[in-house]
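# Chain and residue survey
Next come the chains, spelled out residue by residue.
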Amino acid sequence: RLYVDSDRFKEINLLLRKRKEIIALESRVCRKDGSIIWISENIRGSWDSEDKIRWYESMAEDITKRKQMEKELQVSHTFLQVTNLHTELEPLLKDYLTELKDFTSCEAAGIVILGEKGAIQHQMVEGFTRDIFDFKPLLSFESNIDMCTRVIEGAGYESIALVPIRTGKIILGLVAIADPHENM
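Residues numbered from 1 in each chain as written. Predicted model: local features only at pLDDT ≥ 70, side-chain atom pairs only at ≥ 80, totals over all residues. Heavy atoms only, no water.

## So, the confidence of the model for the chain
Quick reminder of the rule: Every residue gets a pLDDT, meaning the predictor's confidence in that residue, from 0 to 100. Elements are defined by DSSP. Helices are runs of H or I of four residues or more, strands are runs of E of two residues or more, and each kind is numbered from the N terminus. By definition, residues are in contact when any of their heavy atoms lie within 4.5 Å.
Looking at the chain as a whole, its pLDDT mean stands at 83, while 84% of the residues score no less than 70. At the low end of the mean pLDDT range in the chain sits helix α4 (residues 141-155), at 51; at the high end sits strand β1 (residues 21-30), at 96. Every residue in residues 137-142 scores below 50 in pLDDT, and together they form 10 contacts with partners more than four places removed in sequence or on other chains.

## Concerning the sheet that holds β1
Spelled out, the test is: Criterion used throughout: strands pair if DSSP finds at least two bridges between them. Here, axes are lines fitted to C-alpha atoms. For helices the fit covers the stretch in contact, and angles between N-to-C directions go from 0 to 180 degrees.
Read across the sheet, 3 strands follow the order β1-β2-β3 without closing on themselves; strand pairing throughout is antiparallel. Because the sheet does not close on itself, it has two edges, and the strands there are β1 and β3 (53-62). On average, adjacent strands in this sheet sit at an angle of 35 degrees to one another, irrespective of strand direction. Where β1 meets strand β2 (residues 36-47), 8 bridges bridge the pair, whose relative direction is antiparallel. Within β2, the residue paired with leucine 25 across the bridge is glutamate 41. On top of the sheet, helix α1 (residues 8-19) reaches β1, β2 and β3; it is set at about 175 degrees to β1, its chief contact. The strands touched by helix α2 (residues 64-85) are β1, β2 and β3; relative to β2, the strand with the most contacts, the crossing angle is about 125 degrees.

## Remarks on the packing of α2 against helix α3 (residues 89-104)
Put simply, the rule is: Throughout this description, any angle smaller than 35 degrees is read as roughly parallel, any larger than 145 degrees as roughly antiparallel, any in the 65 to 115 degree range as roughly perpendicular, and the remainder as oblique. In this scheme the handedness of a crossing depends on how the near helix is turned from the far one: anticlockwise by less than a right angle means left-handed, clockwise means right-handed. Residue polarity is assigned by list, with Asp, Glu, Lys and Arg as charged and Ala, Val, Leu, Ile, Met, Phe, Trp, Tyr, Cys and Pro as nonpolar; anything else, Gly included, falls into the polar class.
Orientation of α2 relative to α3, taken along the N-to-C sense of each, is 170 degrees, at an axis distance of 10 Å. In this view, α2 runs roughly antiparallel relative to α3, as classed from their interaxial angle. Like other packed secondary-structure pairs, α2 and α3 cross with a definite hand, here right-handed. Residue-level inspection shows Gln68, Lys71, Glu72, Val75, Thr78, Phe79, Val82 and Thr83 of α2 in contact with α3, the latter providing Leu92, Asp95, Tyr96, Glu99, Leu100 and Phe103. Residues of the contact of α2 with α3, tallied by class, amount to 7 nonpolar, 3 polar and 4 charged.

## Focus: the sheet that holds strand β4 (residues 108-114)
Read across the open sheet, the 4 strands follow the order β5-β4-β7-β6; overall the sheet is antiparallel. Edge positions in the open sheet fall to β5 (120-126) and β6 (159-167), since each of these has one partner strand only. Sheet twist, expressed as the mean angle between neighbouring strand axes with direction ignored, is 10 degrees. Direction of pairing for β4 relative to β5: antiparallel, over a ladder of 6 bridges. Residue pairing for β5: leucine 114 is matched across the bridge by isoleucine 120. Against the sheet, α3 touches β4, β5 and β7 (170-179), its axis set at about 40 degrees to β5.

## Re the nonpolar core
As a rule of thumb, nonpolar side chains are buried together in soluble globular proteins. Which entries qualify depends on this criterion: What makes a nonpolar core is a set of buried Ala, Val, Leu, Ile, Met, Phe, Trp, Tyr and Cys residues whose side-chain atoms join them at distances within 4.5 Å. Relative accessibility decides the category of a residue: with a 1.4 Å probe and only protein chains considered, values under 20% of the type maximum give buried, values over 50% give exposed, and everything between is partly exposed.
By size, the foremost hydrophobic cluster in this structure holds 12 residues: Val82, Leu92, Leu93, Tyr96, Leu97, Leu100, Cys106, Ala109, Ile111, Met124, Val175 and Ile177. Among the nonpolar cores identified, the runner-up in size contains 10 residues, and Tyr3, Leu16, Ile39 and Ile43 belong to it.

## So, α2
The test is simple: Take the number of residues in a helix, subtract one, and multiply by 1.5 Å to get its expected span. This arc describes the spread of directions from the helix axis toward the C-beta atoms.
Between its first and last C-alpha atoms α2 spans 31 Å; for 22 residues at 1.5 Å apiece the expected length is 32 Å, and the two agree. Those residues of α2 that fall on the buried side of the exposure criterion are Lys67, Val75, Thr78 and Val82. All buried residues of α2 project into a common sector of 80 degrees when viewed along the axis, lining one side. Across from the buried face of α2, at angles greater than 90 degrees, the exposed residues are Lys65, Met69, Leu73, Leu80 and Asn84. Looking at the buried side of α2, the elements it contacts are β1, β2 and α3.

## Re the packing of aromatic side chains
Here is the rule we go by: What counts as a ring pair is set by centres within 6.5 Å for rings of Phe, Tyr and Trp (its six-membered ring), and what kind of pair is set by the plane angle: stacked under 30 degrees, edge-to-face over 60, tilted for all other angles.
For the coordinates displayed, the defined rule picks out 2 aromatic pairs. Centroid distance phenylalanine 9 to tyrosine 56: 5.6 Å. Interplanar angle 80 degrees. Geometry classified as edge-to-face. Placement of phenylalanine 9 in helix α1 and of tyrosine 56 in strand β3 is noted, with a sequence separation of 47 residues between them. Arranged with centres 5.1 Å apart and planes meeting at 55 degrees, the rings of phenylalanine 79 and tyrosine 96 form a pair that is tilted.

Next comes the structure, spelled out in structure tokens:
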């Protein structure tokens, strides 16, 4: 199977019958190694007098990096829109977590914002249980490892990322995401 979407070939066939040529059609396809990439392809076909396909000709270009950059740009734009919608921090953090989970496709996300002296000012969690996701000792190396172990063993997560929120060398907070699937 070439196309990730099982109906994609049918759609292409219908388009070709109408137009005889398709320019810059974007599709997700499976590579031989099983990985999925985005391609942009130009396709043309030829039919015989009985309207049966004689041949297809296609030229494809891998556009996976471009699609990833477009997605990242869209996410940045969405985060800016979310930021402009709120005047209070709690609803802002909630919407940030929703967008973060959507962008990463991870099941769980959490965010902590520190005050001036490193005390937790705000925290929000979606998908984690409170007992597994304890922010209090989070910002030291040893406690991050302990927290990762708690999250992975306690909730069955295979992938976890802890990302500090920084300005220069100052840590303002932390974002955490986790998912039960490997290599998220």
